[in-house]
Amino acid sequence: MTNLDSLAAQAVPAHMNEVRISAAAFIEKWQAGGCELLDIRVPAETRAWKMGFGLAIPADQIAERLDELPRDKLLVVACPNSDRSSIVRFYLAAKGYDAVYLMGGLLGLADALKGKTSEALSLEAGA
């Protein structure tokens, strides 16, 4: 197997569920304290709207801010959709972090949370 073949095998796992999580599964896992949301949007995007929980570290700052990331929890990497988060997830996995990307991104998560209060979701318990 060549280095390129090895890289391709790592970049596209046989079981995609190992690298991604649905909004519903994230909410359940987050409520149980089993993961941390990592919002990788740029500051202009986070100024426009915030999730109100999780870590906010822009993708271009991840490398120099690795020490801020927990190693004892699953990191759920998120951007508005999923494109940037899948790249950052791959980088974090290469650095030894347990990381997945959020399917549907933050827009999908916001849609899943729409109309629900933080009390109903027990978001304070996970913070």
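Since the structure is predicted, the reported quantities are computational estimates derived from the model, not experimental observations. Along every chain, residues carry numbers that run from 1 in the direction the sequence is written. Local features in a predicted model are, by the rule used here, given only for residues with pLDDT of at least 70; side-chain atom pairs are given and counted only at 80 or more, and totals for whole chains, interfaces and linings are based on all residues. With hydrogens and water stripped out, all remaining heavy atoms of the structure feed into the side-chain values.

Caption draft 1: Broad picture of the overall build of the protein. Each helix is a run of H or I in the DSSP string that is no shorter than four residues. Each strand is a run of E no shorter than two, and both are numbered from the N terminus. Counting its regular elements, the protein contains 7 helices and 5 strands. Reading the secondary structure of the protein in the N-to-C direction produces α-β-α-β-α-β-β-α-β-α-α-α. Looking at the protein as a whole, 36% of its 127 residues are labelled buried. Only heavy atoms matter for contacts: two residues are in contact if any of them lie within 4.5 Å across the pair. Of the contacts formed within the protein by residues at least 6 apart in sequence, a portion of 64% connects residues at least 24 apart. As displayed, the protein offers around 7,200 Å² of accessible surface, 54% of which is attributable to carbon and sulfur atoms. Classification of residues uses two cut-offs on accessible area relative to the type maximum, computed with a 1.4 Å probe and protein chains only: under 20% is buried, over 50% is exposed, and between them is partly exposed. Where accessible areas are quoted, they stem from the Shrake-Rupley method and a 1.4 Å probe; at the residue level, only the protein chains shown are allowed to cover.

Caption draft 2: Region of the structure containing the confidence of the model for the protein. Values of pLDDT, the confidence the predictor places in each residue, fall between 0 and 100. Chain-level pLDDT for the protein is 83 on average; 76% of the residues reach the 70-or-more range. Segment residues 123-127: pLDDT under 50, and 7 contacts once partners within four positions in sequence are set aside and those in other chains are kept.

Caption draft 3: Structural context of the packing of aromatic side chains. Aromatic pairs are defined between Phe, Tyr and Trp rings, using the six-membered ring for Trp, whenever the two ring centres lie within 6.5 Å; interplanar angles under 30 degrees are classed as stacked, those over 60 as edge-to-face, and all others as tilted. In the structure shown here, the tally under the stated rule is 2 aromatic pairs. Between Phe26 and Phe53, the ring centres sit 6.4 Å apart and the planes meet at 10°, which makes this aromatic pair stacked. Residue Phe26 is located in helix 2 (residues 23-31), and its partner Phe53 is located in the loop between helix 3 (43-48) and strand 3 (55-56); the two are separated by 27 residues in the primary sequence. According to the relative accessible area criterion, Phe53 is buried, its value standing at 13%. Judged by centre distance (4.8 Å) and plane angle (50°), the rings of Trp30 and Phe53 are tilted. Of this pair, Trp30 sits in helix 2 while Phe53 sits in the loop between helix 3 and strand 3; the two residues are 23 residues apart in sequence, bridging distant segments of the chain. Neither Trp30 nor Phe53 differs from the other in exposure class; each is buried.

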